Amino acid sequence: MNLISKDFIRNIAPQLDLLNTLGGGIAQAMLRIDKQEKGVVVRVAAPSVSPENFHVVLNNNVLTVFAEYRHSAEDKLAAPLFTRTLTLPATLDLSRIDAVFEGQELHVRIPYHNAATEPREINIKQR
């Protein structure tokens, strides 16, 4: 005998998820920055946060990654799950930034500036 229907569980689960998150549980985001040869990758892992709840905002050289919870896509009220803000160095090419959700992580990829745009000393030749 089923005392609790599947519809009840489907409707109550988001509220329990939100309450657990607000209490500091389910969406504890972990942020990791990996330096690679061509640039950096900011990796954000937040268990149980779906890709459509992530947001990445670049304002000048400040990168903000956050997630919010909405019971449905039409809801105007959203509860913040986490926010991480990073000040990016001038060595990164902010015009070529992109973000992709792979596996269970958000990857924000930021390449370095082209070596031709970096300051360097020019050798003086004598003739």
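This text gives an overview of the structure that appears in the document. (Residues numbered from 1 in each chain as written. Predicted model: local features only at pLDDT ≥ 70, side-chain atom pairs only at ≥ 80, totals over all residues. Heavy atoms only, no water.)

Side note on the sheet that holds strand β5 (residues 79-87)
Move 1: With respect to topology, three strands assemble into an open sheet ordered β3-β4-β5, the strand pairing being antiparallel. Only two strands of the sheet have a single neighbouring strand rather than two, namely β3 (54-59) and β5. Recorded for the sheet is a direction-independent mean angle of 15° between the axes of neighbouring strands.
Move 2: Two elements, β3 and strand β4 (residues 62-69), share six bridges in a ladder whose sense is antiparallel. Bridging from a neighbouring strand, Val57 pairs with Thr64 of β4. (Pairing = 2+ DSSP bridges. Helix = DSSP H or I, 4+ residues; strand = E, 2+ residues; numbered from the N terminus. Axes fitted to C-alpha atoms, helices over the stretch in contact; angles between N-to-C directions.)

Considerations on unusual backbone geometry
Move 1: One non-glycine residue with positive phi stands out, namely Asn60, at about 60°.
Move 2: Positionally, Asn60 belongs in the loop between β3 and β4.
Move 3: Residue classification places Asn60 among the exposed positions, given a relative accessible area of 66%. (Buried < 20%, exposed > 50% of the residue type's maximum accessible area, 1.4 Å probe, protein only.)

Digging into the sheet that holds strand β1 (residues 30-35)
Move 1: As summarised here, the arrangement of the four strands in space is β1-β2-β7-β6, forming an open sheet in which the pairing is antiparallel. Edge positions in the sheet fall to β1 and β6 (98-102), since each has one partner strand and no second. Across the sheet, the mean angle separating the axes of adjacent strands is 20° when strand polarity is ignored.
Move 2: Where β1 lies against strand β2 (residues 39-45), six bridges are found, and the strand directions are antiparallel. Bridge pairing links Lys35 to Val40 in β2.

Some points on the pairing of strand β7 (residues 105-111)
Move 1: Counting buried residues along β7, five of its seven residues qualify, which places the element largely inside the surrounding structure.
Move 2: Looking at chain direction, β2 and β7 are connected through seven bridges and run antiparallel. Opposite Ala45, over in β7, you have Glu105 as the bridge partner.
Move 3: Direction of pairing for β6 relative to β7: antiparallel, over a ladder of five bridges. Each residue of the ladder has a partner; that of Glu102, found in β7, is Glu105.
Move 4: Connecting the antiparallel pair β6 and β7 is a turn made up of two residues, with Gly103 showing a positive phi of about 65°.

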